[in-house]
Structures are given as C-alpha cells and as structure tokens.
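Here's the letter readout for the chains.
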Amino acid sequence: MPSRRAVDPAEFRAAVASVGPWLRGETDEVPARPQLAAAVRLSARTLEQVAPGSSVEVRVPPFVAVQCIEGPRHTRGTPPNVVETDPRTWLLLVTGLVEFDDANAGGVLTASGSRAGEISHWLPLLRVQRG
C-alpha cells in the first residue's frame, strides 16, 4: 500500500478548531459534512502517524478507518482489535472532552479485542478548552 501524505499539524488543528463550538455544546448546528469529514479524517490519520502499526483498527463511519499501534499485522477479514464510534464521539476523544473509558462504558463506542483499549494511551491528540 502506498504511504499517505503526512498530516500537516496546522491543517489538523484548524480542522478540529472549526468544529470546536459544536463539540463543546456551544451550538446545536452540526458542522457541514465536508468540515466534519476533514476533522475526522485528519485526526484519525494523525493517530495513524503517531501510533504506527497494524494491530488495532479505528473506524469512524462513514469517513475513515485506519490501522495503528505496533504489534501483529492483520491482513484478511475482520481485524481482532477494533475500535468503532461515530464522528462526534471520535472528535470528543481526540480533543480530550471525553475519556476513552467513559465513552466505552457509555456505549458510544465499541472496543473489541484485547488491544483495542491501547488507543487510549494516544488520546487526546489535541486538547480544546471546555466551553
């Protein structure tokens, strides 16, 4: 698989900042799909860069799925370690507005496999202030 272009940290910060008011609950207006997609994709790709590997797959439908965390490589079928959540919950995790264990206990994400929870070590990727 060809390597992806590295995520520009400024582009990542700007994309997440653009959805910040929605994440903090300052507005009920959901960001436009392209704006939300950019924040989700850039944040997931940033995780992929800072925690390289192929032992955990992070899925944020409908926007992105990335593999991260060093360890055994998965090549076919359903990966043994998967974290899946919706775009808003993912961005709340990325920004530190929600903790991984709280999201998992609250049922807003699924973490399957013995290594899925290891992504919590890499979160948040970018802290934002609560409103």
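Located above this text is the structure these notes cover.
Residues numbered from 1 in each chain as written. Predicted model: local features only at pLDDT ≥ 70, side-chain atom pairs only at ≥ 80, totals over all residues. Heavy atoms only, no water.

Participant: Sorry if this is basic, but what is going on with the nonpolar core here?
Facilitator: Burial of nonpolar side chains together is a common tendency in soluble globular proteins. In terms of nonpolar packing, the biggest core is built from 38 residues, with Val40, Val58, Cys68, Val83, Trp90, Leu91 and Ile119 touching the most fellow members. Of all the secondary-structure elements, those providing two or more residues to this core are α1 (9–23), α2 (33–50), β1 (56–60), β2 (64–68), α3 (87–95) and α4 (100–105). (Core = buried A, V, L, I, M, F, W, Y, C linked by side-chain atoms within 4.5 Å. Buried < 20%, exposed > 50% of the residue type's maximum accessible area, 1.4 Å probe, protein only. Helix = DSSP H or I, 4+ residues; strand = E, 2+ residues; numbered from the N terminus.)

Participant: What am I meant to see in unusual backbone geometry here?
Facilitator: One can expect most non-glycine residues to show negative phi and most peptide bonds to be in trans. Here the bond from proline 61 into proline 62 is cis, since omega is 5°, no more than 30 degrees from zero. As for its position among the elements, proline 62 is in the loop between β1 and β2. That bond from leucine 123 to proline 124 is cis: its omega, 0°, falls within 30 degrees of zero. Mapped onto the elements of the fold, proline 124 is located in the segment after β4 (109–112). The phi torsion at isoleucine 69 lies on the positive side, around 70°, for a residue other than glycine. With respect to the helices, strands and loops of the structure, isoleucine 69 is situated in the loop between β2 and β3 (82–85). The exposure class assigned to isoleucine 69 is buried, which follows from its relative accessible area of 5%.

Participant: Looking at this structure, how should I read the packing of α2 against α3?
Facilitator: In helix packing, the relevant descriptors are the interaxial angle and the interaxial distance, both defined with respect to the helix axes. Two elements in contact, α2 and α3, have axes whose closest approach is 10 Å; the angle formed by their N-to-C orientations is 50°. By the angle between their directions, the pair α2 and α3 is classed as oblique. For the crossing formed where α2 meets α3, the hand is left-handed. Along the contact surface, α2 presents Leu36, Ala39, Val40, Ser43, Ala44 and Leu47, while α3 presents Pro87, Trp90, Leu91 and Val94. Taken together, the residues of the contact of α2 with α3 break down into nine nonpolar, one polar and no charged. (Axes fitted to C-alpha atoms, helices over the stretch in contact; angles between N-to-C directions. Parallel < 35°, antiparallel > 145°, perpendicular 65-115°, else oblique. Left-handed = near helix turned anticlockwise from the far one by under 90°. Contact = heavy atoms within 4.5 Å. Nonpolar A, V, L, I, M, F, W, Y, C, P; charged D, E, K, R; others polar.)

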